Amino acid sequence: MATFDNPAFDAHESVHFFADHASGLRAIIAIHSTALGPAAGGCRYWHYDSSELALTDALRLSRGMSYKNALADLPMGGGKAVILKPGATPDRATLFAAYGRAVNSLAGQYITAEDVGTRVEDMREVAKVTRYVSGLAGDATRAGGDPSPKTAYGVYLAMKEAWRFATGSDALAGVRVAVQGLGGVGGALCGLLHREGARLIVADISETRARQTAREYSALLAEPDELISTEADILAPCALGGVLHARSIETLRVRVICGAANNQLANSEDGERLRARGILYAPDYVVNAGGIISVALEYLGSGSEAEAQARIEKIPLTLRRILESAAASGTSTSDIADHLAQECIAAAAARRSGR
Ligand code: NAI
């Protein structure tokens, strides 16, 4: 299927395909919008059953980055890269050097960083061949480094806000939180929730990781395909996207959904399905902006760790605005968030073209 006919195509500014025979690199970089600044978003390294699915992922994820960066008030547009995991295990350093050359060829239109399947060491390889990369290193005076703990912190604060909105209290002690996916973000989120006394139910397709997390945080273990319908107070999707769809929404037994995974809703109508079921959905790209806030400040060289933290602590305010507006208008929270982001991007595009 041609890119323009892909249902996830949404007037993206450009989509770039890269192949490098020597390293085995096959990558797609989708630039959704540069209205607010260079397109920023992570690089996903994942096995896709087809290149069509990889393209769909890049298109959906890059649009989400435009919306995320707009609502986090960052001077960045939205882009995303996916690297299709090769069949044979590649030399990782060579692969990411080739990916870095691909990023470099876009001359700063796209800024890369970590996402699912990539880590700080990969970005260090990328940084050897391009300066259009972030998520490398931070210290007390400069924001930066692995974005996952920052994302987890933002999700944690947003979860408290969503719970307060639903119940009148933001205390999570004794509250049952089901966490799907225990990687960089999900694992760190479990740590924060455990410290507050939340009761955790966890699942990961990596059995080792699931058992380790359950032991560390005295959590109950669930099967990965059962976690979504587990009875709990809050569901935190922290694995991959598309987990909330017509069928799974029917089976949910939680009051609130607040997690890090990008593109949790399979379709735009799923936000309304959640609203109709009386489940409070905290829009993914609003609550998971902590990582990109850190990555953006690092790239721009314009902020300290303290400033990144202060900006992450504003995520609950943005969320509250969305939850209140959705409740007042009887609209889904996802539609309200999309609308706010679209307005912000359209205003920037109009300013840019002098209209
Ligand atoms: P990660 O790769 O470190 O962890 C993902 C985890 O999910 C892995 O442990 C994997 O085994 C598990 N998993 C995959 N499919 C699963 C399933 N069906 N059921 C249960 N577990 C499953 O990724 P990371 O960085 O923690 O990201 C998690 C999500 O958060 C992704 O959707 C990512 O796009 C999103 N996100 C991450 C940010 C970051 O700073 N790392 C920033 C914003 C969003």
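So, here's what we can say about the structure.

Cut-offs used in this document
- Residues numbered from 1 in each chain as written.
- Predicted model: local features only at pLDDT ≥ 70, side-chain atom pairs only at ≥ 80, totals over all residues.
- Heavy atoms only, no water.
- Near = heavy atom within 4 Å.
- Polar contact = N/O pair within 3.5 Å; in protein donor to acceptor, adjacent residues only side chain to side chain.
- Helix = DSSP H or I, 4+ residues; strand = E, 2+ residues; numbered from the N terminus.
- Nonpolar A, V, L, I, M, F, W, Y, C, P; charged D, E, K, R; others polar.
- Contact = heavy atoms within 4.5 Å.
- Core = buried A, V, L, I, M, F, W, Y, C linked by side-chain atoms within 4.5 Å.
- Buried < 20%, exposed > 50% of the residue type's maximum accessible area, 1.4 Å probe, protein only.
- Axes fitted to C-alpha atoms, helices over the stretch in contact; angles between N-to-C directions.
- Left-handed = near helix turned anticlockwise from the far one by under 90°.
- Expected span 1.5 Å × (residues − 1).
- Phe/Tyr/Trp six-rings, centres within 6.5 Å; stacked < 30°, edge-to-face > 60°.
- Arc of directions from axis to C-beta.
- Pairing = 2+ DSSP bridges.
- Right-handed = clockwise from strand over helix to strand, strands pointing away.

**Details of the site of the ligand**
Around the ligand, the structure places 24 residues, and the nearest of them are Thr151, Asp204, Arg209, Ala239 and Asn262. Within the side chain of serine 148, a nitrogen or oxygen atom sits 3.3 Å from a nitrogen atom of the ligand. Within the backbone of valine 185, one N or O atom sits 2.9 Å away from an oxygen atom of the ligand. Listed by contribution, the elements that provide at least two residues to the shell around the ligand are helix H4 (148–167) and helix H5 (184–196). Here the shell around the ligand is composed, by residue class, of ten nonpolar, nine polar and five charged.

**Looking at the side chain of threonine 151**
Along the chain, threonine 151 turns up in helix H4. Setting aside chain neighbours within four positions, we find threonine 151 in contact with Val185, Ala260, Val287, Asn288, Gly290 and Gly291.

**With respect to the nonpolar core**
Counting residues in each nonpolar core, the largest one holds 85 residues, and the members touching the most others are Tyr99, Val177, Val179 and Leu193. Take this core: its biggest share by element is eight residues, from H4. The residues contacting valine 177, other than those within four sequence positions of it, are Met159, Leu193, Ala198, Arg199, Leu200, Ile201, Ile234 and Ala236. In terms of nonpolar packing, the next biggest core, distinct from the first, is built from 18 residues, Ile201, Ala232, Leu235 and Leu265 among them.

**Remarks on the packing of H4 against helix H11 (residues 305–312)**
A packed helix pair is summarised by two numbers, namely the angle formed by the two axes and the spacing between the axes. Interhelical geometry of H4 versus H11 gives an angle of 35° and a closest axis separation of 10 Å. In this structure, H4 crosses over H11, and the sense of that crossing is right-handed. Note on element contacts: H11 touches H4 through Glu305, Gln309 and Ile312, opposite Lys150, Tyr153, Gly154 and Leu157. Across the contact of H4 with H11, the residue classes tally to three nonpolar, two polar and two charged.

**Regarding the environment of alanine 222**
Within the secondary structure, alanine 222 sits in the loop between strand S9 (220–221) and strand S10 (234–237). You can call alanine 222 buried: its relative accessible area is 17%. Considering only alpha carbons, one finds alanine 222 and glutamine 264, 42 residues apart in sequence, at a separation of 19 Å. Other than its neighbours up to four places away in sequence, alanine 222 contacts Ile201, Val202, Ala203, Leu227 and Thr230.

**Overview of H5**
An ideal rise of 1.5 Å per residue puts 18 Å on 13 residues; H5 measures up with 19 Å between its terminal C-alpha atoms. Within the sequence span of H5, burial applies to Val185, Gly186, Gly187, Leu189, Cys190, Gly191, Leu192, Leu193 and Glu196. Lining the buried residues of H5 we find H4, strand S7 (176–180), strand S8 (199–203), helix H6 (207–216) and S10.

**Side note on the packing of aromatic side chains**
Within this structure, the stated rule accounts for four aromatic pairs. Geometrically, the ring pair formed by phenylalanine 4 and phenylalanine 9 is edge-to-face, given 5.3 Å between the ring centres and 80° between the ring planes. On the basis of relative accessibility, which here comes to 21%, the residue phenylalanine 9 falls in the partly exposed class. Here tyrosine 67 and tyrosine 285 contribute two aromatic rings whose centre-to-centre distance is 5.6 Å and whose plane-to-plane angle is 70°, an arrangement assigned as edge-to-face. Separated by 218 residues along the polypeptide, tyrosine 67 in helix H1 (residues 51–71) and tyrosine 285 in helix H9 (residues 284–287) bring together distant segments of the chain. Note on tyrosine 285: relative accessible area 7%, which makes it buried. An aromatic cluster is built from Tyr45, Phe96 and Tyr99, whose rings are joined through pairwise contacts.

**Description of H6**
Taken together, the buried positions of H6 are Ala210, Thr213 and Ala214. An end-on view of H6 places all buried positions within 100° of arc, on one side of the element. Summarising the geometry of H6, the exposed residues directed more than 90 degrees from the buried face are Thr208, Arg215 and Glu216.

**Some remarks on the pairing of strand S4 (residues 43–46)**
Bridge count for S4 against strand S5 (residues 77–84) is four bridges, and the pairing is parallel. In the strand pairing of S5, cysteine 43 is matched with alanine 81. Read from S4 through H1 to S5, the crossover connection turns out right-handed.

**Notes on the sheet that holds S9**
Reading across from one edge, S9-S8-S7-S10-S11-S12 is the order of the six strands in this open sheet, with parallel pairing throughout. Of all the strands in the sheet, just S9 and strand S12 (280–281) have a single pairing partner and so form its edges. Relative to S12, strand S11 (residues 256–257) is paired through two bridges, and the arrangement is parallel. The partner of valine 256 across the bridge, within S12, is leucine 280.

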